[in-house]
Amino acid sequence: MKSAWFDCASGISGDMFLGALVDAGLDAARLCAAVEALGIEGLSIEAEKVTRLGFAATKVNVLTPQEHAHRRLSDIRTLIEGSGLEGAVKKTAVAIFTRLAEAEAAAHGEPVEKVHFHEVGALGSIADIVGAAAGVHMLGIEKCFFSPIATGSGTVKTAHGVLPVPAPATARLLPG
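Conventions and cut-offs
- Residues numbered from 1 in each chain as written.
- Predicted model: local features only at pLDDT ≥ 70, side-chain atom pairs only at ≥ 80, totals over all residues.
- Heavy atoms only, no water.
- Axes fitted to C-alpha atoms, helices over the stretch in contact; angles between N-to-C directions.
- Helix = DSSP H or I, 4+ residues; strand = E, 2+ residues; numbered from the N terminus.
- Parallel < 35°, antiparallel > 145°, perpendicular 65-115°, else oblique.
- Left-handed = near helix turned anticlockwise from the far one by under 90°.
- Contact = heavy atoms within 4.5 Å.
- Nonpolar A, V, L, I, M, F, W, Y, C, P; charged D, E, K, R; others polar.
- Salt bridge = Lys/Arg side-chain N within 4 Å of Asp/Glu carboxyl O.
- Buried < 20%, exposed > 50% of the residue type's maximum accessible area, 1.4 Å probe, protein only.
- Pairing = 2+ DSSP bridges.

(A) Looking closely at the packing of helix H4 (residues 87-108) against helix H5 (residues 123-138). Interhelical geometry of H4 versus H5 gives an angle of 130 degrees and a closest axis separation of 9 Å. Considering the angle they form, H4 stands oblique to H5. Judged by the sense of rotation from one axis to the other, the crossing of H4 with H5 is right-handed. Taken together, the residues of H5 that come into contact with H4 (itself represented by Ala88, Val89, Thr92, Ala93, Ile96, Phe97 and Leu100) are Ser125, Ile126, Ile129, Val130, Ala133, Ala134 and His137. In terms of residue class, the contact of H4 with H5 is made up of 11 nonpolar, three polar and no charged.

Here's what the structure looks like:
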C-alpha cells in the first residue's frame, strides 16, 4: 500500500497540501489539467518554487474568476459529477465535500441539505479539494497519515461572523 505522511506542524491548507503533493513528485501540469477539467472559465492553478524560513517548498496558487457565490453540497456535487474528471477523483472529491457538509450541519444544527458553503464553497476551495483528490489518485496514494495539526488560536472573520480558531466545523473534522 502506498502511503503519504504529512507533517502539519504549521497547519494544513489546500495550497499547502497541493504543494506537498507536487514536492512528492506530482506533475504540476497534470494537477492543473485536473482543476481545469471542472470546466470553469478562469479557474486554474500555478506552482512555484519558494523558500520559507530557509526551506525550499512548492507554493501552489489557485487563480479564480471574481465571484460571490454560496453553494450547497448539491451544487458542488453537480459541478464535480458533470466535469471531465476521472470517476475515482469525482468520488473522492464528493466524499470530501460530503464530510465537510456533515461537519457544517452538525455545527449549525441543521440538515446536510440546508448547509450553505461560504468560504469552502468558493471556487478556490473547490479547486483545492478537487486538486487534492486528483493528486492523491495520480500519485497512487491509498492512505494518508497526518501529524497532529497545529490549528492556531484566536478568532477568524467568516461569513457567519467572528468565530474561534479552529472554527466549529473544523474542530469537528480534527478527531481521527
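(B) Expanded view of the pattern of salt bridges. Scanning the entire structure with this criterion turns up three salt bridges. Where Asp23 meets Lys49, a salt bridge forms, and the shortest distance between an N and an O atom there is 3.0 Å. Linking Asp23 in helix H1 (residues 14-23) with Lys49 in strand E2 (residues 44-52), this pair joins segments that are 26 residues apart in sequence. The exposed category is assigned to Lys49, whose relative accessible area is 67%.

(C) The arrangement of the packing of helix H2 (residues 28-36) against H5 in detail. Where H2 contacts H5, the two axes come as close as 9 Å, and the packing angle between them is 130 degrees. Between H2 and H5, the interaxial angle falls into the category oblique. Helix-helix and strand crossings are classified by hand; for H2 and H5 the assignment is right-handed. The residues of H5 that touch H2, namely those facing Arg30, Leu31, Ala34 and Val35, are Ala127, Val130, Gly131, Ala134 and Met138. Its residues assigned to classes, the contact of H2 with H5 comprises seven nonpolar, one polar and one charged.

(D) Molecular detail of the pairing of strand E3 (residues 55-63). Pairing analysis gives nine bridges linking E2 to E3, with the strands arranged antiparallel. Bridge assignment links Val50 to a residue of E3, and that residue is Ala57. Hairpin remark: E2 followed by E3, antiparallel, with two residues in the connecting loop; positive phi at Leu53, about 55 degrees.

(E) Fine view of unusual backbone geometry. The omega angle of the peptide bond from Val165 to Pro166 is 0 degrees, so this bond is cis rather than trans. Among the structural elements, Pro166 can be located in the loop between strand E8 (161-164) and helix H6 (168-173). Phi angles above zero are rare outside glycine, and Leu53 is one such case at about 55 degrees. With respect to the secondary-structure elements, Leu53 resides in the loop between E2 and E3.

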